[in-house]
Each structure stands twice: as structure tokens, then as C-alpha cells.
Amino acid sequence: FSSRRRHTRSLCDWSSDVCSSDLVDDLAFGNFMSTTGGTIALAPGATATRTASAGVTLGATAPATAAKFTVGGTAGSTFSITLPATVSLSDGGTNTMSVGSFTSDLDLAAATIPAGGTVDMYVGGTLTVGAAQANGAYTGTFDVSVNYN
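Nothing here was measured: the structure is a model prediction, and the numbers come from that model.

Caption draft 1: Highlighting the sheet that holds strand β13 (residues 111-112). Strand order in the open sheet made by the three strands is β13-β10-β16, with antiparallel pairing throughout. Strands at the two margins of the open sheet, each flanked by one partner only, are β13 and β16 (145-148). Pairing of strand β10 (residues 78-82) with β16 involves four bridges; the strand directions are antiparallel. When the sheet's bridge partners are listed, F79 is paired in β16 with Y148.

Written out as C-alpha cells, the structure reads:
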């Protein structure tokens, strides 16, 4: 089964030098199976690297992807990034999982808009899988804030 997190588009204040943050790719942990429960850590980056703890077996049929955002603004402007602490995924019924330990490939305190006016930002995290987790497509949303420094 797979779990996915979706971020909705977010525009910043019109007076800011960092103008927009657009979701390009969803955060997806890919297919896996759980017997005793555990975690899947997904590193941020263009090539998603995932690591499972004992009790979770990674599948190969659905690719994992880090969330990808394109941040736009004035070249040379710096911005800070705020990631969520923990969010919940649901299969649309009563089954849930949580994602936490969110990470980015950019400096959270002072990322810089390069020449050209846009920079790609990748976000990963750690999925907590329950023992004998029910099969399904787990979805949800999470917010990423981008603020001009």
C-alpha cells in the first residue's frame, strides 16, 4: 500500500521579496508491508531515498518521492522555512498513520533565492507504520511556510 501527503499551493504576502511557493511533486512513501510496525524515513532530495526500520518491508512497485516545491522571488533574497511537527494520514476510514521529523534539503533558517528567481525545495519525513497496518491509500495535507527574512 502507499501513503501520500499533499500540500496545497501557498502564496506569501504581496510585499515580500519571496513571492510564491508551489507544490510540484507530492510526498509519497511508496509501497510497503508491515508486520510488527516501524518507520520509513524518506530523505529530501531529487532522488528519494527511503530507509525502513525492522518490521517494515519496502516494496518496489510504487516509487517514493520527496515533496518538491518551487519557491520564487527576487534573486538574492533570503527566506525561512517552517515545516510541520507531525501530521496524520488517513485511508478515508478509521485507519491512520502519522508523519513526523520533516526535513528539507534547504537551510530552514536562511535559504537564498538564486539568480533566475526560483529554487527547488525538497521535503522528506518519517512515516510511523502500525503493526499489521491496514492496506490502503493513505492521504492528507501538510503546510509548509516560506517567509521572507
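More follows now that the structure is in view.
Caption draft 2: A look at the pairing of strand β7 (residues 49-52). Sheet topology places strand β6 (residues 38-43) next to β7; four bridges connect them, and they run antiparallel. Looking across to β7, one finds that A43 is bridged to T49. Once β6 ends, the chain turns through five residues before running back antiparallel as β7, passing G45 with a positive phi of about 155°.

Caption draft 3: Main features of the environment of A109. Looking at the secondary structure, you find A109 in the loop between β12 (96-104) and β13. On a C-alpha basis, the gap between A109 and T78 in space is 8.9 Å, while along the polypeptide they are 31 residues apart. What A109 contacts, discounting residues up to four positions off in sequence, is F79, S80 and N149.

Caption draft 4: Main features of the environment of Q133. Looking at the secondary structure, you find Q133 in the loop between β14 (118-129) and β15 (137-138). Here the alpha-carbon distance between Q133 and G37, two residues 96 residues apart in the chain, equals 7.3 Å. A distance of 2.8 Å separates the side chain of Q133 from the backbone nitrogen of G130, its partner in a polar contact. A polar contact of 3.1 Å, which involves the side chain of Q133, links it to the side chain of Y138.

About the cut-offs
Residues numbered from 1 in each chain as written. Predicted model: local features only at pLDDT ≥ 70, side-chain atom pairs only at ≥ 80, totals over all residues. Heavy atoms only, no water. Pairing = 2+ DSSP bridges. Helix = DSSP H or I, 4+ residues; strand = E, 2+ residues; numbered from the N terminus. Contact = heavy atoms within 4.5 Å. Polar contact = N/O pair within 3.5 Å; in protein donor to acceptor, adjacent residues only side chain to side chain.

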